[in-house]
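Here's the letter readout for the chains.
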Amino acid sequence: MTFLDVRATVRRREFTLDVALSVARGEVLAVLGPNGAGKSTLLGVLAGLLRPDDGVVRLGSRTLTDTGAGVHVPAHRRGVGLLAQQALLFPHLSALANVAFGPRCGGASRAEASEVARGWLADVDAEELAGRRPSRLSGGQAQRVALARALAGSPELLLLDEPLAALDVDSAPVLRALLRRVVRGAGTTAVLVTHDMLDALVLADRVAVLSGGVVVEQGATREVLTRPRSSFAARIAGLNLVPGVGVDGGLRTADGLVVSGRAPDGAASGAHAGEPAVAVFPPSAVSVFRERPDGSPRNVIRVRLAGLEPRGELVRLRAGAVDGGPEWVDGLAADVTPAAVADLGAGAALAPGALLWFAVKATEVLVHPAGGS
């Protein structure tokens, strides 16, 4: 059953956000998308910091925004909590007083607010930080206190704006696990904006992908990140994606290349002929050659090497389009061994700009219908 329902249009000189999303009670929705996609604008609308040009925001039985009826509940009366990249704690207050601020604003006595605050600090494993001011907290400690503060006011909706982005590699996994435990334990309905696939996999029930101000795909987290239908979702999932239209046994790209593949269930093709489709395959499935390969039937793509990146025991080769070639080639990746890189260099260093062939067997390519769920 829908708990949060938002339909909003926000127009700017060079950008328009036009979204329709819903979230069930107790569900966590991850909103993904490239910079400039409209994620922060969406959070601003939900938080009440931004009035849409047209739209409705409903939370449970309450209408928070209705442009047609002239309704706009201000941010401090919405029952919406926010945890951002920076903790934004009040510098002159202790951790305990920061967390108690919400209950105090809600009418609780000083003693009642302190009791609630101590309970939340304990829940986020920060009880021993109660007497410290923000200047004496590490980044990870400050985010724990900020999470406790966001939840102490018993928000009906929690907005998580890339809360792990500013943390170091040691603090982020700890807070990620803590977020999952605390948010799930409280049954909190949440909208999470993130660039990190791991955040979405660990924290979110569903994913919505924003691009150019519109939702280009949405669905269950694992479904979207293992069977992506947009370039951005494929990129953060570490997969290659080729767009086109369905044909028998695969898809045809806009430049006429036929990519052979199979449906996720093993059928011959995963998209109806003539309908938008995407072909998805992992970098590990790509073989790389100096000359066009012969032999068993496979998909072969001419590329220009754009860069090399270390990937543990492998090397990732990033492709760019050959002059005059299709744009969809940009960003395709292949994971190969250092020995293979040496062989491709033919005795010299393999350098960006080299012309190569990427090849992938049809059995490694999954073809999905394109478009939102």
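Residues numbered from 1 in each chain as written. Predicted model: local features only at pLDDT ≥ 70, side-chain atom pairs only at ≥ 80, totals over all residues. Heavy atoms only, no water.

**Things to note about the sheet that holds strand β12 (residues 240–247)**
In step 1: Strand order across the open sheet formed by five strands is β14-β13-β12-β15-β21, with antiparallel pairing between neighbours. If you trace the sheet from one side to the other, it starts and ends with β14 (258–260) and β21 (366–369), each paired once. Averaged over all pairs of adjacent strands, the angle between strand axes in this sheet comes to 40°, irrespective of strand direction.
In step 2: Where strand β13 (residues 250–252) and β14 come together, three bridges link them in antiparallel fashion. (Pairing = 2+ DSSP bridges. Helix = DSSP H or I, 4+ residues; strand = E, 2+ residues; numbered from the N terminus. Axes fitted to C-alpha atoms, helices over the stretch in contact; angles between N-to-C directions.)

**Remarks on the side chain of R149**
In step 1: Structurally, the position occupied by R149 is in helix α4 (residues 139–152).
In step 2: Put simply, R149 is tucked away with no salt bridge, and the nearest opposite charge, on D161, sits 13 Å away.
In step 3: Separated by 3.2 Å, the side chain of R149 and the backbone oxygen of A87 make a polar contact.
In step 4: Among the polar contacts listed, one links the side chain of R149 to the side chain of N98, at a separation of 3.3 Å.
In step 5: Discounting residues that sit within four places of it in the chain, R149 has contacts with A87, L88, L89, F90, N98 and V99. (Buried < 20%, exposed > 50% of the residue type's maximum accessible area, 1.4 Å probe, protein only. Lys, Arg positive; Asp, Glu negative; His and termini not counted. Salt bridge = Lys/Arg side-chain N within 4 Å of Asp/Glu carboxyl O. Polar contact = N/O pair within 3.5 Å; in protein donor to acceptor, adjacent residues only side chain to side chain. Contact = heavy atoms within 4.5 Å.)

**A closer look at the nonpolar core**
In step 1: Core analysis: the largest hydrophobic core is formed by 56 residues, its most contacted members being V99, L121, V145 and L179.
In step 2: The element contributing the most residues to this core is α4, with eight residues.
In step 3: Not counting residues up to four positions away in its chain, the partners in contact with V99 are A117, W120, L121, V145, A148, R149 and A152.
In step 4: Core analysis: the second largest hydrophobic core is formed by 29 residues, V259, A285, V341 and A354 among them. (Core = buried A, V, L, I, M, F, W, Y, C linked by side-chain atoms within 4.5 Å.)

**Some words on the layout of surface pockets**
If you roll a probe as big as a water molecule over the atoms, it shows you where there is empty space left.
In step 1: Estimated volume of the largest pocket: approximately 810 Å³.
In step 2: Residue lining of the largest pocket: 26 residues in total, with A75, H76, V80, G81 and L82 positioned closest to the centre.
In step 3: Among the elements of the structure, β7 (80–83), α2 (95–105) and α4 are those that each provide at least two residues to the lining of the largest pocket.
In step 4: Here the second largest pocket is characterised by a volume of approximately 230 Å³.
In step 5: Taken together, 16 residues form the lining of the second largest pocket, with S231, R235, L239, L241 and G331 sitting closest to its centre.
In step 6: When residues of the lining of the second largest pocket are traced back to their parent elements, those giving at least two are α8 (231–236), β12 and β18 (314–320).
In step 7: Partitioning the lining of the second largest pocket into residue classes produces eight nonpolar, four polar and four charged. (1 Å grid on protein atoms, 1.4 Å probe; cavity = no way out; pocket = protein on both sides within 12 Å on 5 of 7 lines; lining within 4 Å. Points joined across faces, edges and corners; volume = space filled by probe spheres on them. Nonpolar A, V, L, I, M, F, W, Y, C, P; charged D, E, K, R; others polar.)

**So, α2**
In step 1: Those residues of α2 lying buried are A95, L96, N98, V99, A100 and P103.
In step 2: Residues of α2 that are buried in the fold lie against α3 (110–123) and α4.
In step 3: After α2 finishes, the residue G107 shows a positive phi value of roughly 105°.

**Thoughts on the environment of E327**
In step 1: Relative to the assigned elements, E327 resides in the loop between β18 and β19 (333–336).
In step 2: Judged by its relative accessible area of 70%, E327 falls in the exposed class.
In step 3: Each C-alpha atom of the pair E327 and D255 lies 9.7 Å from the other, and the pair is 72 residues apart in sequence.

**Observations regarding the sheet that holds strand β16 (residues 287–289)**
In step 1: Spatial strand order, β16-β20-β17-β18-β19: five strands in an open sheet with antiparallel pairing. Two strands lie at the open edges of the sheet, namely β16 and β19, each paired on one side alone. For this sheet, the mean inter-axis angle between neighbouring strands, taken without regard to orientation, is 45°.
In step 2: Judged from the four bridges that link them, β18 and β19 form a sheet pairing that is antiparallel. Bridge pairing links L317 to A334 in β19.
In step 3: Against the sheet, helix α9 (residues 338–345) engages β16, β17 (299–311), β18, β19 and β20 (355–360), with an angle of about 45° to β18.

**Overview of the pattern of salt bridges**
When the charged atoms of two side chains with opposite charge come close together, those side chains can pair.
In step 1: What the rule picks out here adds up to nine salt bridges.
In step 2: Here D205 ties to R184 by a salt bridge, and the two come within 3.0 Å at their closest N and O atoms. Of this pair, D205 sits in the loop between α6 (197–203) and β10 (206–211) while R184 sits in helix α5 (residues 171–186); the two residues are 21 residues apart in sequence, bridging distant segments of the chain.
In step 3: Overall, D205 belongs to the partly exposed group, its relative accessible area being 31%.
In step 4: Connected through salt bridges with shared partners, the residues E309, R311 and R318 form a single ionic network.

**Some points on α9**
In step 1: Among the residues of α9, V341, L344 and G345 are the ones counted as buried. Burial along α9 is one-sided: seen end-on, the buried residues are contained in an arc of 100°.
In step 2: Packing partners of the buried residues in α9 comprise β16, β17, β18, β19 and β20. (Arc of directions from axis to C-beta.)

**Focus: the packing of α2 against α3**
In step 1: One way to put it is that α2 packs onto α3 with a least axis distance of 8 Å and a crossing angle of 120°. In terms of axis orientation, α2 runs oblique to α3. When the axes of α2 and α3 are compared, the crossing they make is right-handed. In this structure, α2 uses L96, V99, A100, P103 and R104 to contact α3, whose residues at the interface are R110, A113, S114, V116, A117, R118, W120 and L121. (Parallel < 35°, antiparallel > 145°, perpendicular 65-115°, else oblique. Left-handed = near helix turned anticlockwise from the far one by under 90°.)

Note that all results are geometric; they support no functional claim without further evidence.
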